[in-house]
Amino acid sequence: RKLHALGPRFVLVKGGHMPAESGMAPDVLYDGAGFDVFLGPRYETPNTHGTGCTYAAAIATLIAQGHTVPEAVRQSKQYVATAIQTNPQLGQGHGPLNHGHLRRLGSVPTPRPAAESL
């Protein structure tokens, strides 16, 4: 509520750093009137580098496409969860997510070539 009082229409708090024993990663969205809680499992993997940035970018993309903020958060949370689950396990430290999992799973259409290359 204190963050919301500073002026934003929505405040989203990620729960990915909750204690491991909880087994959950609850995210809380506040709109000034009420709270929406988005539950998801907490994944035990070091390959979570970039989750916050990916989450924010996915939310912004969905809002720009006309989704409501709660729906954008819901879909983005699922996108990030799948990106964590299907991470490429690169390197020996905190590795990246699998940002291309939708393409690999066939959910995203293949882009058409630019007009000048036709």
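Computed from a predicted model, the values in this text were never measured in an experiment.

A. Highlighting the nonpolar core. Within the largest apolar cluster, 14 residues are counted, with the highest numbers of intra-cluster contacts made by L29, Y55, I59, V73 and V80. Of all the elements in the fold, those that place two or more residues in this core are α2 (51-64) and α3 (69-85). The dominant element in this core, judged by the number of residues it contributes, is α3, at seven residues. Not counting residues up to four positions away in its chain, the partners in contact with V73 are L12, L29, F38, Y55 and I59.

B. Region of interest: the packing of α2 against α3. Closest axis-to-axis distance for the α2/α3 pair is 8 Å, and the angle between their directions is 140°. Regarding the angle of α2 to α3, the classification is oblique. Judged by the twist between their axes, the crossing of α2 over α3 is right-handed. Contacts from T51, T54, Y55, A58, I59, L62 and I63 of α2 reach α3 at V69, A72, V73, Q75, S76, K77, Y79, V80 and I84. Classifying every residue of the contact of α2 with α3 gives 11 nonpolar, four polar and one charged.

What counts, and where the lines are drawn
Residues numbered from 1 in each chain as written. Predicted model: local features only at pLDDT ≥ 70, side-chain atom pairs only at ≥ 80, totals over all residues. Heavy atoms only, no water. Core = buried A, V, L, I, M, F, W, Y, C linked by side-chain atoms within 4.5 Å. Buried < 20%, exposed > 50% of the residue type's maximum accessible area, 1.4 Å probe, protein only. Helix = DSSP H or I, 4+ residues; strand = E, 2+ residues; numbered from the N terminus. Contact = heavy atoms within 4.5 Å. Axes fitted to C-alpha atoms, helices over the stretch in contact; angles between N-to-C directions. Parallel < 35°, antiparallel > 145°, perpendicular 65-115°, else oblique. Left-handed = near helix turned anticlockwise from the far one by under 90°. Nonpolar A, V, L, I, M, F, W, Y, C, P; charged D, E, K, R; others polar.

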